[in-house]
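# Examining the three-dimensional arrangement
Take a look at the letters that make up each chain.
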Amino acid sequence: MADIFTSRDRRRVDTIAPLSRSEVADVSSGDHEFANITRAVMVSGAGSLTIRLADDSADLTLTVTAGTFLPLRVRHVRRASTAALIGFW
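Let me sum up the structure you'll find in this document. (Residues numbered from 1 in each chain as written. Predicted model: local features only at pLDDT ≥ 70, side-chain atom pairs only at ≥ 80, totals over all residues. Heavy atoms only, no water.)

## Looking at the sheet that holds strand 4 (residues 47-53)
Read from one edge of the open sheet, four strands run 2-7-4-5, paired in antiparallel fashion. Edge strands, defined here as strands with exactly one partner in the open sheet, are strand 2 (32-33) and strand 5 (60-64). (Pairing = 2+ DSSP bridges. Helix = DSSP H or I, 4+ residues; strand = E, 2+ residues; numbered from the N terminus.)

## Re the pairing of strand 8 (residues 84-88)
A large share of strand 8 lies buried, amounting to four of its five residues. By the bridge criterion, three bridges tie strand 1 (residues 22-24) to strand 8 in an arrangement that is antiparallel. Looking at the pairing, Val24 lines up with Ile86 of strand 8. (Buried < 20%, exposed > 50% of the residue type's maximum accessible area, 1.4 Å probe, protein only.)

## A closer look at the side chain of Glu23
Note that Glu23 resides in strand 1. No salt bridge is formed by the buried Glu23, whose closest oppositely charged neighbour, Arg21, lies at an N-O distance of 9.1 Å. Here Ala35 takes part through its backbone nitrogen, which lies 3.0 Å from a polar atom of the side chain of Glu23. (Lys, Arg positive; Asp, Glu negative; His and termini not counted. Salt bridge = Lys/Arg side-chain N within 4 Å of Asp/Glu carboxyl O. Polar contact = N/O pair within 3.5 Å; in protein donor to acceptor, adjacent residues only side chain to side chain.)

## Focus: the pattern of salt bridges
Tallied over the full model, the rule gives three salt bridges. Between Arg52 and Asp59 there is a salt bridge, with the nearest N and O atoms lying 2.7 Å from each other. Residue Asp59 is classed as partly exposed on the basis of its relative accessible area of 38%. One salt-bridge network, in which partners are shared between bridges, spans Asp31, Arg52, Asp59 and Arg78.

## A closer look at the environment of Met42
As for its position among the elements, Met42 is in strand 3 (residues 40-45). A sequence separation of 28 residues divides Met42 from Leu70, and the C-alpha atoms of the two residues are 6.2 Å apart. Contacts of Met42, omitting those with residues within four sequence positions, involve Thr68, Phe69, Ala84, Leu85, Ile86 and Phe88. (Contact = heavy atoms within 4.5 Å.)

## A look at the nonpolar core
It is characteristic of soluble globular proteins that their nonpolar side chains tend to be buried jointly. Grouped together as the largest cluster of nonpolar side chains are twelve residues: Ala25, Phe34, Val41, Val43, Leu49, Ile51, Leu53, Val64, Val74, Val77, Ala83 and Leu85. Secondary structure elements with two or more residues in this core: strand 3, strand 4 and strand 7 (74-80). Take this core: its biggest share by element is three residues, from strand 4. Sequence-distant contacts of Leu53, defined by excluding residues within four places in its chain, comprise Leu60, Leu72, Arg73, Val74 and Arg75. (Core = buried A, V, L, I, M, F, W, Y, C linked by side-chain atoms within 4.5 Å.)

Structural data, given as structure tokens:
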């Protein structure tokens, strides 16, 4: 999986530039690995999520509310109840 922040020179402009790409996390058939590590995620459906953050070795389970925009660097969505997630980078 690509991490656009390690493939560039890590100038501050990379982290403050507007978000330009997105990917819907499809967990209907199991885990979802994002094509790139996200800069932020938007929750489009409330519920619980089990995710793996960019530099973690363990999963994290969160209860989320629809319409929430979270500044999380997510690489995998392991499981979702009724929650739906869109990753941005």
